[in-house]
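# Notes for the structure review
Listed here are the chains, written in short residue letters.
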Amino acid sequence: MLWFKSIGASGLLFLLWLWLFQTTEASVHDYNVEKFVSKGNAFVVHGGSEGIYSSVPNLTESPSYSSNTDSFIRFEKIIFRRPKEFSNFSSDPVHAIVFEVDDRELIGGSAYGGQRAICCTVDLAKLGVCTQGQIIHRPSASNPGWPKVFSASFSIDEVDVALQSRSIPITKTGMYNVYFIHCEPNLKEITVEGKTIWKNPTGYLPGRMAPLMNFYGYMSLAFVLLGIFWFSQYARFWREVIPLQNCITLVITLGMLEMAFWYFDYAEFNETGVRPTGTTVWAVTFGTVKRTVARLVILIVSMGYGVVRPTLGGLTSKVLLLGGTFFLASEVLELVENVGAVSDFSGKARLFFVLPVTFLDAFFIVWIFTSLSATVNKLQARRLLAKLDIYRKFTNALAVTVVVSVGWMCYELYFKSTDVYNERWRNAWIIPAFWQVLSFSLLCIICVLWAPSQNSMRYAYSDDGEEFDKDATFTLIKPSPLLPKDVRSQPEVRPTLGNSELSNGEVVEDKTE
């Protein structure tokens, strides 16, 4: 009995090398002398995987023509090339296969329950289910005409052969895959050149990325509104601004620039199909600087800088070292993820770059909460109640953020581990969007807690700050000129005196409320 099994697509993913100073194309998948690799009994090149939304076909148009509102996958100038020394024979066909992820079970098969094969074997040919040297596939019952298979063969002494250019209209929303496959062991060192163009109805953005363009547009608006609030307060009370508020101003400015660059990056990408490398690099860099500065601000605030201590002392170099290391690790990760991304199919290569950032983030969290605990204890000991209140609110906000982050990371791991073939690609944009919303929410809380006001200086470090808070604590106690000096200096013991009489015969009135 013939059982059809899926292609192990994850095993075909390769590491994409990063080139920062040349144009990177994403919806335009370029194949620059790509070599076929052995996979089972076949030789394969992964041509790309992207989510594509469907479009209604126009029956009056030529199959080779697509309007601006059509979804399609287009093959352009695809050439298979082999060395001259291996050109003295006619070959079996070299195939280009396009299939939707739901049809993956239709590719490959096995005879008598044996090992899965992509290419038709002798045993399968004897069963009459395929032709030896061809790839095994059967038609889809739910999507007539799919999978799509196109072929080209080498003639004797022919060094290269071209695959006919064509556009494939997409009439069903799904995750589509392109593979170049041949079953001829004698076709050594064969390569593929050319490109495929993938398009959605609304533009060239891959399906997974398409909703992010609108998201970054809304986030840009949100940062503008936050900026209006913050800068208006900053302008009104600029004489009372403390250094911490200058750092918050920098974070807001960087966030506004990051969101704007991301929106323009996606908008141009969607319009042209070519990702603007310069804009992408700027968006990545502004985002990385913002995240680094935000973490450093939270850390130094947790240490009490500018509030209970005038400087960080010997910790300055350690804080800067941690910030610089985090910036480098995050910048590399973001560049690998965004500059050079050519597919909606996310592989495991990025894991190598994720681990350092995760470790540094964990180190930040431990250091922040350790410092917060020490600072809060110091504020309690000095009875600086106004500062203590704001630090408690800040601690609660950070704790909630950390708990939510851990919960979301668990969900993200579950999402990716259970979505091997990216079947839930239409919801994948929510994962990066959530982190942006969470960091923006924390920034809003910090802006509310430390907004510039006429009382901003009461939160700044000063030598007499302790006395200021003590005076504010006992405003409800009325001083009595008749009390002796030694009694007035210890107001906390007055309630214990009750209505006891003093030596001059007067009774001390209990003012405790």
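Cut-offs applied
- Residues numbered from 1 in each chain as written.
- Predicted model: local features only at pLDDT ≥ 70, side-chain atom pairs only at ≥ 80, totals over all residues.
- Heavy atoms only, no water.
- Helix = DSSP H or I, 4+ residues; strand = E, 2+ residues; numbered from the N terminus.
- Buried < 20%, exposed > 50% of the residue type's maximum accessible area, 1.4 Å probe, protein only.
- Contact = heavy atoms within 4.5 Å.
- Areas by Shrake-Rupley, 256 points an atom, 1.4 Å probe, with all protein chains shown as cover.
- 1 Å grid on protein atoms, 1.4 Å probe; cavity = no way out; pocket = protein on both sides within 12 Å on 5 of 7 lines; lining within 4 Å.
- Points joined across faces, edges and corners; volume = space filled by probe spheres on them.
- Patch = residues over 30% accessible without salt bridge, like charges linked within 9 Å, V, L, I, M, F, W, Y side chains within 5 Å.
- Salt bridge = Lys/Arg side-chain N within 4 Å of Asp/Glu carboxyl O.
- Core = buried A, V, L, I, M, F, W, Y, C linked by side-chain atoms within 4.5 Å.
- Phe/Tyr/Trp six-rings, centres within 6.5 Å; stacked < 30°, edge-to-face > 60°.
- Lys NZ or Arg CZ within 6 Å of the ring centre and 35° of its normal.
- Axes fitted to C-alpha atoms, helices over the stretch in contact; angles between N-to-C directions.
- Parallel < 35°, antiparallel > 145°, perpendicular 65-115°, else oblique.
- Left-handed = near helix turned anticlockwise from the far one by under 90°.
- Nonpolar A, V, L, I, M, F, W, Y, C, P; charged D, E, K, R; others polar.
- Expected span 1.5 Å × (residues − 1).
- Pairing = 2+ DSSP bridges.
- Disulfide = S-S within 2.5 Å.

### Some remarks on the overall build of the protein chain
Scanning the protein chain from terminus to terminus reveals eleven helices and twelve strands. Here the protein chain, with 513 residues, has 44% of them falling under the buried criterion. Across the protein chain, every contact between residues at least 6 apart in sequence was considered, and the portion connecting residues at least 24 apart equals 78%. As presented, the protein chain carries roughly 26400 Å² of accessible surface, and 60% of it is formed by carbon and sulfur atoms.

### Things to note about empty space enclosed by the protein
Across all of its chains, the model carries two cavities of 30 Å³ or more by this definition. The volume enclosed by the second largest cavity comes to roughly 30 Å³. Forming the boundary of the second largest cavity are Leu244, Ile248, Val297, Ile298, Val301, Phe394, Ile446 and Trp450. Contributing elements (two or more residues each) for the lining of the second largest cavity: α3 (243-272) and α4 (277-302). When residues of the lining of the second largest cavity are assigned to their parent elements, the largest contribution, three residues, is made by α4.

### Points about a nonpolar patch on the surface
On the surface, Leu221, Val224, Leu225 and Ile228 cluster together into a nonpolar patch covering about 370 Å² of accessible area. Examined against the element boundaries, Leu225 turns out to sit in helix α2 (residues 210-236).

### Points about the nonpolar core
Counting 67 residues, the largest nonpolar core has Ile248, Tyr266, Leu299, Val319, Tyr391, Phe394 and Trp450 as its most contacted members. Looking at this core, the elements with two or more residues in it are α2, α3, α4, α5 (316-338), α6 (351-382), α7 (385-417) and α8 (430-449). Apart from residues no more than four positions distant in its own chain, Ile248 is found in contact with Trp230, Ile446, Cys447 and Trp450. Counting residues in hydrophobic clusters, the runner-up holds 27 residues, among them Phe75, Ile78, Val94 and Leu187.

### Some thoughts on the environment of Val307
Summarising the element assignment, Val307 is placed in the loop between α4 and α5. Considered as a pair, Val307 and Ile242 are 65 residues apart in the sequence and their alpha carbons are 9.8 Å apart.

### A closer look at the packing of aromatic side chains
One pass over the structure, following the stated rule, counts 27 aromatic pairs. Centroid distance Trp408 to Tyr411: 5.0 Å. Interplanar angle 40°. Geometry classified as tilted. Here the residue Trp408 and the residue Tyr411 both occupy positions in helix α7, the gap between them amounting to three residues, near one helical turn. You can call Trp408 buried: its relative accessible area is 16%. An aromatic cluster of three or more residues is present, and its members are Tyr31, Phe36, Phe75, Phe80, Phe150 and Phe180. In this structure, Arg82 packs its charged tip against the face of Phe89, placed 5.0 Å from the ring centre. One Lys or Arg, Lys199, reaches over the ring of Tyr204 and ends 5.8 Å from the middle of that ring.

### Considering the environment of Glu258
Tracing the backbone shows Glu258 in helix α3. In this structure Glu258 comes out as buried when scored by relative accessible area, which is 1%. With 27 residues separating them in the primary sequence, Glu258 and Thr285 have C-alpha atoms 8.1 Å apart. Dropping the residues within four chain positions of it, Glu258 is found in contact with Ala283, Phe286, Gly287, Lys290, Arg291 and Gln436.

### Examining the packing of α4 against α7
Interaxial distance between α4 and α7 falls to 12 Å at its minimum, and their mutual angle equals 135°. Relative to α7, α4 is oriented oblique. When the axes of α4 and α7 are compared, the crossing they make is left-handed. Where α4 abuts α7, its residues Ile298, Val301 and Ser302 lie against Tyr391, Phe394 and Leu398. In the contact of α4 with α7, the residues fall into five nonpolar, one polar and no charged.

### Considering α4
Taking 1.5 Å of rise per residue, the 26 residues of α4 would be expected to cover 38 Å, and the 37 Å separating its terminal C-alpha atoms lies within 8% of that figure. Just past α4, the residue Gly304 takes up positive phi, approximately 90°.

### Describing the sheet that holds strand β3 (residues 37-39)
The five strands are arranged β3-β4-β10-β6-β7 in an open sheet whose pairing can be described as antiparallel. The open sheet has two free edges, formed respectively by β3 and β7 (148-152), since each of these has just one partner strand. Neighbouring strand axes in the sheet, compared pairwise and without regard to direction, differ in orientation by 35° on average. As judged from the three bridges shared by β3 and strand β4 (residues 42-52), these two strands associate in the antiparallel manner. Bridge assignment links Ser38 to a residue of β4, and that residue is Phe43.

### Topic: the state of the cysteines
Going through the model one piece at a time under the given rule, you end up with two disulfides. Bridging Cys119 to Cys183, the disulfide has an S-S length of 1.9 Å. The sign of the S-S torsion, about -85°, decides the handedness of the disulfide formed by Cys119 and Cys183: left-handed. Residue Cys119 is located in the loop between β6 (94-100) and α1 (122-127), and its partner Cys183 is located in the loop between β10 (174-182) and β11 (191-199); the two are separated by 64 residues in the primary sequence. For Cys119, a relative accessible area of 3% translates into the label buried.

### A look at unusual backbone geometry
A cis amide bond links Trp146 with the next residue in sequence, Pro147, at an omega value of -5°. Along the polypeptide, Pro147 turns up in the loop between α1 and β7. Unlike most non-glycine residues, Asn422 shows phi in positive territory, near 60°. Mapped onto the fold, Asn422 is located in the loop between α7 and α8.

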